[in-house]
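Here's the letter readout for the chains.
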Amino acid sequence: MIEYRLVRSTRRTLGLEVTSDLEVVVRAPLRLPQREIDRFVQQHEGWIAQKLAVQQRRRENAVDWWVTPEQEQALRAQAKAYLPGRVAHYAAWMGVTPTGFKVTGAKKRLGSCSGKNSLCFSWRVMLYPPEAIDYVVVHELAHIRHHDHSRDFWACVAQVMPDYRERQALLCPDMGQD
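Residue numbering note: each chain is counted from 1, following its sequence as written. Side-chain atom pairs in this predicted model are given and counted only at pLDDT of 80 or more, local residue features only at pLDDT of at least 70, and totals for whole chains, interfaces and linings cover all residues. To obtain the side-chain values, all non-hydrogen atoms of the structure were used and water was disregarded.

Chemist: How do you make sense of the overall build of the protein when you look at a structure like this?
Modeler: By the criteria applied, helices consist of DSSP H or I runs no shorter than four residues and strands consist of E runs no shorter than two, each listed in order from the N terminus. In terms of regular secondary structure, the protein is built from 6 helices and 7 strands. Of the regular secondary structure in the protein, the N- to C-terminal order runs β-β-β-α-α-α-β-β-β-α-α-α-β. Computation of the radius of gyration draws on C-alpha atoms, with the globule rule given as 2.2 Å multiplied by the number of residues to the power 0.38. Against the compact-globule benchmark of 16 Å for 178 residues, the protein has a radius of gyration of 21 Å, which places it well outside the compact range. When the backbone C-alpha atoms are referred to their principal axes, the protein occupies close to 60 × 40 × 30 Å.

Chemist: Hey, could you run me through helix α3 (residues 69-94) in this one?
Modeler: Because an α-helix completes one turn every 3.6 residues, residues spaced three or four positions apart along the sequence face the same direction. Working rule for helices: expected span equals 1.5 Å times residues minus one. In this model α3 runs 36 Å from its N-terminal to its C-terminal C-alpha over 26 residues, within 8% of the 38 Å that 1.5 Å per residue would give. Note that the bend at a residue is defined as the angle between axes fitted to the seven residues ending at it and the seven residues starting at it. At Tyr82, α3 shows its maximal bend, which comes to roughly 30 degrees, and the proline Pro84 appears one to four places after that position. Burial status follows relative accessibility: with a 1.4 Å probe on protein chains alone, a residue under 20% of its type maximum counts as buried, one over 50% as exposed, and anything between as partly exposed. Taken as a whole, α3 has its buried residues at Leu75, Ala79, Leu83, Val87, Tyr90, Ala91 and Met94. Residue contacts are defined here by distance: any two heavy atoms, one from each residue, within 4.5 Å place the two residues in contact. Those residues of α3 that are buried lie in contact with β4 (100-104), β6 (118-122), α4 (130-145) and α5 (151-160). Positive phi shows up at Gly95, right after α3, with a value of about 70 degrees.

Chemist: For this particular structure, what's the right way to read the packing of aromatic side chains?
Modeler: Each aromatic ring pair is specified by the distance between its two centres and by the angle formed by the two planes. Note on aromatic pairs: the rings of Phe, Tyr and Trp (six-membered ring only in Trp) are paired at centre separations within 6.5 Å, and the planes decide the class, stacked below 30 degrees, edge-to-face beyond 60, tilted for the rest. Summed over all chains, the structure comprises 5 aromatic pairs. Members of the aromatic cluster, connected to one another through ring pairs, are Tyr135, Phe153, Trp154 and Tyr164.

Chemist: What exactly am I supposed to notice about a positive patch on the surface here?
Modeler: Together, Lys51, Arg57, Arg58 and Lys108 line one region of the surface with positive charge. In this structure, Arg57 sits in helix α2 (residues 45-61). What goes into a patch is any residue over 30% in relative accessible area without a salt bridge, connected to like charges within 9 Å or, for nonpolar side chains (Val, Leu, Ile, Met, Phe, Trp, Tyr), within 5 Å. Using a 1.4 Å probe, the Shrake-Rupley method yields the accessible areas, and only the shown protein chains count as cover for residues. The term salt bridge refers to a pairing of a side-chain nitrogen on Lys or Arg with a carboxyl oxygen on Asp or Glu at a separation within 4 Å. For the charge count, each Lys or Arg is scored as positive and each Asp or Glu as negative, with His and the chain ends excluded. Think of each charge as sitting on NZ of Lys, CZ of Arg, CG of Asp or CD of Glu.

Chemist: How should I be thinking about the environment of Gly115 in this particular structure?
Modeler: Summarising the element assignment, Gly115 is placed in the loop between β5 (109-113) and β6. With 32 residues separating them in the primary sequence, Gly115 and His147 have C-alpha atoms 7.4 Å apart.

Here you go:
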């Protein structure tokens, strides 16, 4: 039987979660018998194993586990100095204009584009080579035209950066852009 932490509440259904700390959490209604909870966990052992493997890979591939607070501060400063120039360069090429720019501490996304076309970049993007950074910039700028990951979106990215797949492969698999 898989070891798990049980959280009981007034909810009506059972729920499963595998945290980034590799903990299995089961959420259950207050009065549900323990044997039903155990059966539920047993029925979902395959799903739990898959999610544990994904979380383990994320931990192994984390690019910033070694960054000290001083290094983080330096990477933030580097991002604030470097990224606006890259954004301006590619925005002019693509004929788009972001409404804002911000450097954040996001852990799961290297970049994002809001519905109002404001761009955010995690300071963690500076841990990657320039080719990968440029890909993240182009990816987010393409969202100004296409707020999805449709065929048109990818065509827009490919028009500016035909080798975007190779650049994308330089990124840690669990770090995304949106």
